[in-house]
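# Results of the structural survey
So the chains spell out like this:
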Amino acid sequence: MKTKKIAYLGLLIALAFVFSYIEFLIPVNIGIPGAKLGLANLVIIVALYTLNERDAFVLSMIRIVLVGFTFANLASMLYSLAGGILSFVVMVIAKKTRKLSLTGVSVLGGVFHNVGQIIVAIWVVKTVSLIYYLPVLMVSGIAAGVAIGILGGMVTKRIKGIHLID
Amino acid sequence: MEQKTKKNDILLIGVILVLALAAYVGVSIFQDATTHNAEALVLIDGEEYGRFPLDTDVVERIELPDGSYNVLVIEEGKADVTEASCPDGICVNHRAVSRQKQSITCLPNKLVVEIRNGEESDVDAITN
């Protein structure tokens, strides 16, 4: 691995970590469990578009484990892992089809992050009626996805000019 | 190329919105208006903690073995969580619930308050 790439990955992990911390500090609480902006996903999507799938995935997992042990408990980490993995897989597939722009991929990521969390929440608290949160979470996922997608597009455009991996 | 993907993006958002709306309508039809003998069912980690009839005002402090707690208030035919030890306070901010199958969830404490109609309907038998 080139030194440049190691430094870049480290930087992204640190950034994702800080974003998670900011969201932890200022929770946008609208009374629905699982609805949030997902600032850290900005870093994941930038990684997905400037590096490769494998690196972006590792980045996503390291972030979740780090944040899980630092700010949350094991249960929250489980929700994050489910949401993180599902949304990542969906984003990779969506990106590979080349039919969507970065914003579209980000929207899918946002929506499926919420879907993944709710599935695990239903399993953990053994209450099927949590599925009633799904419509609201889908819409909030779209909103978060669009915001992150627009930001991610701007960042990616600027980073791509710099040759990170030779 | 860019124009086309942008169009697909909007199409995607539209499809998800329609799905969300369909899910919402489905949920609303499912949540029948409450009957007189509705009750708030409190589950902790999937186990039943207790049932509280909505027509009797009560304040119940639910203590968990690890020291965390949630305060359930039944007032004016509605169930609400007014105080809790959990860090995010989502259950406290959640509005009061009174309709069939509405629920307040506190994920950190694994607590669920769910509204049930007194009589179990066939629908319940399927969903549970």
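My aim in this report is to walk through the structure given alongside it, one point at a time. (Residues numbered from 1 in each chain as written. Chains lettered and ligands numbered in written order. Predicted model: local features only at pLDDT ≥ 70, side-chain atom pairs only at ≥ 80, totals over all residues. Heavy atoms only, no water.)

## Notes on the overall build of chain A
What counts here: Strands here mean DSSP runs of E at least two residues long; helices mean DSSP runs of H or I at least four residues long; both are numbered from the N terminus. The classification of residues rests on relative accessible area computed with a 1.4 Å probe and restricted to protein chains. Under 20% of the type maximum is buried, over 50% is exposed, and intermediate values are partly exposed. Contacts are residue-level and defined by heavy atoms, with any inter-residue pair within 4.5 Å sufficient. All accessibility values rest on the Shrake-Rupley procedure with a 1.4 Å probe; residue burial counts only the protein chains present in the view.
What chain A contains, in helices and strands, is six helices and zero strands. For chain A, the α and β elements follow one another from N to C terminus as α-α-α-α-α-α. With 166 residues in all, chain A has 55% of them scored as buried. At a minimum sequence separation of 6, the contacts of chain A that also span at least 24 residues come to 73%. Working note: accessible area of chain A is about 7900 Å², and carbon and sulfur atoms make up 75% of it.

## Description of the overall build of chain B
A count of helical and extended segments in chain B gives three helices and seven strands. When the elements of chain B are put in sequence order from the N terminus, they spell out α-β-β-β-β-β-α-β-β-α. Across the 128 residues that make up chain B, the buried fraction comes to 43%. Long-range pairs, those at least 24 residues apart, make up 36% of the contacts in chain B between residues at least 6 apart in sequence. Total accessible area on chain B stands at roughly 7200 Å², and carbon and sulfur atoms take up 57% of it.

## Digging into the side chain of Thr105(B)
Among the structural elements, Thr105(B) can be located in strand 6 (residues 103-106). Residue contacts for Thr105(B): discarding those within four places in its chain leaves Leu130(A), Tyr133(A), Cys91(B), Leu111(B) and Val112(B).

## Remarks on the sheet that holds strand 1 (residues 39-44) of chain B
Residue and element names in this part refer to chain B. In plain terms, the rule: The pairing criterion is simple: DSSP has to find at least two bridges between the two strands. Axis definition: a line fitted to C-alpha atoms, limited for helices to the stretch in contact. Angles are taken between N-to-C directions and run from 0 to 180 degrees.
Sheet architecture is open: four strands sit in the order 2-1-7-6, paired in antiparallel fashion. Each edge of the open sheet carries a strand with a single partner, namely strand 2 (47-53) and strand 6. Averaged over all adjacent pairs, the angle separating strand axes in this sheet is 15°, with direction ignored. Pairing between strand 1 and strand 2: six bridges, direction antiparallel. Within the sheet, the bridge partner assigned to Leu41 lies in strand 2 and is Arg51.

## Describing helix 4 (residues 74-97) of chain A
Since the α-helix packs 3.6 residues into each turn, any two residues three or four apart lie on the same face. Residue and element names in this part refer to chain A. Put simply, the rule reads: Every helix has an expected span of 1.5 Å times one less than the residues it contains.
Between the first and last C-alpha of helix 4 there are 35 Å, a value that for 24 residues agrees with the 34 Å anticipated at 1.5 Å per step. Within helix 4 the residues assigned to the buried category are Met77, Tyr79, Ser80, Ala82, Gly83, Gly84, Ser87, Phe88, Val90, Met91, Val92 and Ala94. Looking at the buried residues of helix 4, the elements they touch are helix 2 (40-50), helix 3 (53-71) and helix 5 (102-125). Arg98, located one to two residues past helix 4, shows a positive phi value of around 60°.

## So, the packing of aromatic side chains
To keep things clear, this is the line we draw: In this scheme Phe, Tyr and Trp rings, the latter by its six-membered ring, pair at centre separations within 6.5 Å, and the angle between planes marks the pair as stacked below 30 degrees, edge-to-face above 60, and tilted otherwise. Whether a charge sits over a ring depends on NZ of Lys or CZ of Arg being within 6 Å of the ring centre and within 35 degrees of the ring normal.
Counted according to the given criterion, the structure contains three aromatic pairs over all chains. Ring geometry for Tyr21(A) and Phe71(A): centres 4.9 Å apart, planes at 20°, overall stacked. On the criterion of sequence distance, the pair formed by Tyr21(A) in helix 1 (residues 3-25) and Phe71(A) in helix 3 is long-range, its members being 50 residues apart. Judged by relative accessible area, which is 36%, Tyr21(A) ranks as partly exposed. An aromatic cluster is built from Phe17(A), Tyr21(A) and Phe71(A), whose rings are joined through pairwise contacts. Over the ring of Tyr49(A) we find Lys95(A); its NZ or CZ atom is 5.1 Å from the centre of that ring. Positioned over the ring face of Tyr69(B) is Arg61(B), at 4.0 Å from the centre of the ring.

## Describing the sheet that holds strand 3 (residues 58-63) of chain B
Residue and element names in this part refer to chain B. Taken in spatial order, the three strands make up an open sheet running 3-4-5, and their pairing is antiparallel. Only two strands of the sheet have a single partner each, and these edge strands are strand 3 and strand 5 (78-84). Averaged over all adjacent pairs, the angle separating strand axes in this sheet is 25°, with direction ignored.

## Here we look at the environment of Ile74(B)
Residue and element names in this part refer to chain B. By the secondary structure assignment, Ile74 is in strand 4 (residues 69-75). With relative accessibility at 1%, the residue Ile74 sits in the buried group. Residues Ile74 and Ala96, 22 residues apart in the sequence, show an inter-C-alpha distance of 8.9 Å. Each residue touching Ile74, except ones within four places of it in the same chain, is listed here: Ala40, Phe52, Pro53, Leu54, Thr56, Asp57, Val58 and Ala79.

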